[in-house]
Amino acid sequence: MNFELAGEQQEIRERAAEFADREVAPHAADLDREDRVPVETLRKMADAGFMGLCVPEEYGGAGADFLSYCLLIEEISRADAGVGVTLAVHTSAGTLPIIMFGEEEQKSRWVPPLARGERIGCFALTEPETGSDAAAIQTQAEKVEGGYRISGHKQWVTNGRVAGTMILFARAPEGITAIVVPMDAEGISFGEHARKMGVISATTDDVLFDNVFVPEEDRLGEEGKGLRVALGTLDAGRIGIAAQAVGIAEAAFRYAAQYAATRTTFGKPIAEHQAIAFKLAEMQTKIRAARLLVHEAAWMKDRGERHTESGARAKLYASQVANEIAYEAVQILGGRGYMKDHPAERHFRDARVTEIYEGTSEIQRLVISRAILREQKESLETPGVEESRPVVG
Ligand SMILES: Cc1cc2nc3c(=O)[nH]c(=O)nc-3n(C[C@H](O)[C@H](O)[C@H](O)COP(=O)(O)OP(=O)(O)OC[C@H]3O[C@@H](n4cnc5c(N)ncnc54)[C@H](O)[C@@H]3O)c2cc1C
């Protein structure tokens, strides 16, 4: 057992933290107010090698492991959760599926511009009529000579408007199919700009497809096997969102702890009132527990182990913790916590969506509880286990 990061992971965390403090945090409040994507910051992240951090070097990335990527997402999200999700969706949902499910030719054609940050990636599964129930999507991929004609409506696509490449899920003759689509393809347009509660520096767009042609060679995996691509992508993506949640929680905690040390009431800093001191103790403990779950899930992914349930546990807990900590941070700041002059209210708004996107908390509970049930059933089928069954009735 070893709780220490490896040398390279530690170095990436330090570089990410330094970049987040210098290049990201100073703009967070303005971007939140102006509802604007910091394209210039994305360019600097590309220069720093962050847009393809966990992409293998042969495809233009930095070749770091997934845990390093999670450290990066945590640090960037600590500074600005919107920039954090922009990077997370670009990497784990917009780039990694091509590496996981693509042919060699597709990887070498599509991935290097994404890994270098010359193109931004996005992922389009959700539609107005369906989100959690991904198997019910209605966007059509009609088979035509040489490829497909896509028609439909994709909702709330993170990075949509600034993306160069989309991983699209549509219904082809053999079933749901994943297709890589260049965002300048003829027939693509955008719906109204979504006005959100939080993560405002990330753009979230409806993308409309009107008879868009894509050649057959841009299909990702087999026709009809798109749900496998979507679920495999989200298994990893969720670990990144859990890291984002830890970043938001850490930011809220640090600000509140500092405030509590300096704000005095009744003749002493509020951190010396036990009610506030104990809040801080609980907050820090929960953040550390959430971070460990994130690291465990990333570690399992890096070892090539199944990480569906560990990722779901990390996301379920870290997103819950982010919301609890952001709530308590507002409380510790009192009236100031409710004002836009302090970042606590932004953290409070940003935390909320971590329980919703890349699978709601209810869906994470479904994933985890189904695995528990599966394990129980398997153990009952194993000869010899019969005797140890609890006696009921
Ligand atoms: C800011 C933002 C960015 C997003 N970015 C993207 C993106 O880039 N790409 C993309 O494809 N999507 C994206 N989404 C969509 C997001 O993934 C969905 O909103 C999410 O999966 C939930 O789907 P839904 O909103 O349709 O809710 P629904 O599926 O309609 O669910 C509504 C409620 O019912 C619950 N529920 C549903 N089914 C069950 C069940 N079986 N058991 C128990 N409870 C259930 C849900 O947990 C939820 O509480 C984004 C959303 C937001 C808000």
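What counts and how
- Residues numbered from 1 in each chain as written.
- Predicted model: local features only at pLDDT ≥ 70, side-chain atom pairs only at ≥ 80, totals over all residues.
- Heavy atoms only, no water.
- Near = heavy atom within 4 Å.
- Polar contact = N/O pair within 3.5 Å; in protein donor to acceptor, adjacent residues only side chain to side chain.
- Areas by Shrake-Rupley, 256 points an atom, 1.4 Å probe, with all protein chains shown as cover.
- Helix = DSSP H or I, 4+ residues; strand = E, 2+ residues; numbered from the N terminus.
- Nonpolar A, V, L, I, M, F, W, Y, C, P; charged D, E, K, R; others polar.
- Domains from an automatic or database assignment.
- Contact = heavy atoms within 4.5 Å.
- Buried area = accessible area lost by both parts, 1.4 Å probe.
- Salt bridge = Lys/Arg side-chain N within 4 Å of Asp/Glu carboxyl O.

**Remarks on the site of the ligand**
Around the ligand lies a shell of 18 residues, among which Thr 126, Ser 132, Trp 156, Thr 360 and Glu 362 are the nearest. Here Leu 125 contributes a backbone N or O atom positioned 2.8 Å from an oxygen atom of the ligand. Take Thr 158: an N or O atom from its side chain is 2.8 Å from a nitrogen atom of the ligand. Protein burial of the ligand: of its 980 Å² of free accessible surface, 64% is covered by the chains. Within the residue set of the shell around the ligand, elements represented by two or more residues are strand 1 (121-124), strand 3 (147-158) and helix 12 (361-381). Per-element accounting of the shell around the ligand gives the leading share, three residues, to strand 3. By residue class, the composition of the shell around the ligand is nine nonpolar, six polar and three charged. The two domains that each donate at least three residues to the shell around the ligand are domain 2 (121-223) and domain 3 (228-378).

**Comments concerning the domain arrangement of the protein chain**
Domain boundaries assigned for the protein chain yield domain 1 (7-115), domain 2 (121-223) and domain 3 (228-378). Listed per partner, the contact involves 24 residues of domain 1 and 29 residues of domain 3. Counting each side, the surface lost to burial between domain 1 and domain 3 is near 2,100 Å², with a carbon and sulfur contribution of 65%. Considering only the surface of domain 1 that becomes buried against domain 3, Phe 66, Glu 74 and Arg 78 emerge as the three largest contributors, covering 28% of it. Put simply, domain 1 and domain 3 have two salt bridges between them. Between Arg 291 and Glu 74 there is a salt bridge; the shortest N-O distance is 2.8 Å. Our count for the contact surface shared by domain 1 and domain 3 stands at five residue pairs in polar contact (both at pLDDT 80 or more). Those elements giving two or more residues to the side of domain 1 that touches domain 3 turn out to be helix 2 (28-34), helix 4 (66-79), helix 5 (81-93) and helix 6 (96-101). The dominant element in the side of domain 1 that touches domain 3, judged by the number of residues it contributes, is helix 4, at ten residues. Counted by class, the side of domain 1 that touches domain 3 contains 17 nonpolar, two polar and five charged residues.

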